[in-house]
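Coordinate analysis (summary)
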Amino acid sequence: MKTTKKDFEYFKKCVRKYIKYYGLKRYKVFFNRRDIGDNFAKYNLSETSKTVLFSFTTDYNLNSPRAEYKDWIKGSAFHEVTHVLIARLGAIAGARYIGCDEIEEAEHDIIRTLENTLLQDLTKWREKNF
Ligand SMILES: [Zn+2]
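Now for a look at the structure at hand.

So, how was this worked out
Residues numbered from 1 in each chain as written. Predicted model: local features only at pLDDT ≥ 70, side-chain atom pairs only at ≥ 80, totals over all residues. Pairing = 2+ DSSP bridges. Helix = DSSP H or I, 4+ residues; strand = E, 2+ residues; numbered from the N terminus. Axes fitted to C-alpha atoms, helices over the stretch in contact; angles between N-to-C directions. Expected span 1.5 Å × (residues − 1). Core = buried A, V, L, I, M, F, W, Y, C linked by C-beta atoms within 7 Å. Buried ≥ 20, exposed ≤ 12 C-beta atoms within 10 Å, placed from the backbone.

As for the sheet that holds strand 3 (residues 51-57)
- Judged by pairing direction, the sheet is mixed, and its 3 strands sit side by side in the order 1-3-2 without closing on themselves. Of all the strands in the sheet, just strand 1 (28-34) and strand 2 (41-46) have a single pairing partner and so form its edges. Put simply, the sheet's adjacent strands are angled 20° from each other on average, direction ignored.
- Here strand 1 runs beside strand 3; their pairing, made up of 7 bridges, is parallel. Residue Asn 32 lies in a different strand from strand 3, and its bridge partner there is Ser 55.

Description of helix 1 (residues 5-22)
- Here helix 1 spans 26 Å end to end across 18 residues, near enough to the 26 Å set by a 1.5 Å rise per residue.
- Gly 23 sits one or two positions beyond helix 1 and adopts a positive phi of about 70°.

Re the nonpolar core
- Grouped together as the largest cluster of nonpolar side chains are 13 residues, with contacts concentrated most on Phe 11, Cys 14, Val 15, Ala 41, Phe 54, Ala 77 and Val 81.
- If you list the elements that add at least two residues to this core, you get helix 1, strand 3 and helix 2 (69-95).
- Broken down by element, the residue count for this core peaks at 5 residues, all from helix 2.

Any link to function would need more than the numbers given here.
Now the structure itself:
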């Protein structure tokens, strides 16, 4: 199924909301909508230029009805922004001699924890803000 320009605008809106929520002012934020393979959304961060690019898929095969797209978009915006939140952890860990898989695993552990705690708490906040 193709995503629409409206989906992309909603994704951008959600990403900006979460960035504001976390108070992430360190990076300049950019967006694009393109083919990103099996991903629904992804981020690309540069510590050197202090920029982060959020990419949103043009096409995605979700096993859920169109009506649930908004929830997917909100969820993936949260996921990608949370990557940015903890990206420094990866940079620090990368400076030592640790395998990439271990770092990625550690990052995902933190995200899953936040999804099961903070994201639950955000439900009420979303109702007011989205
Ligand atoms: Zn991830």
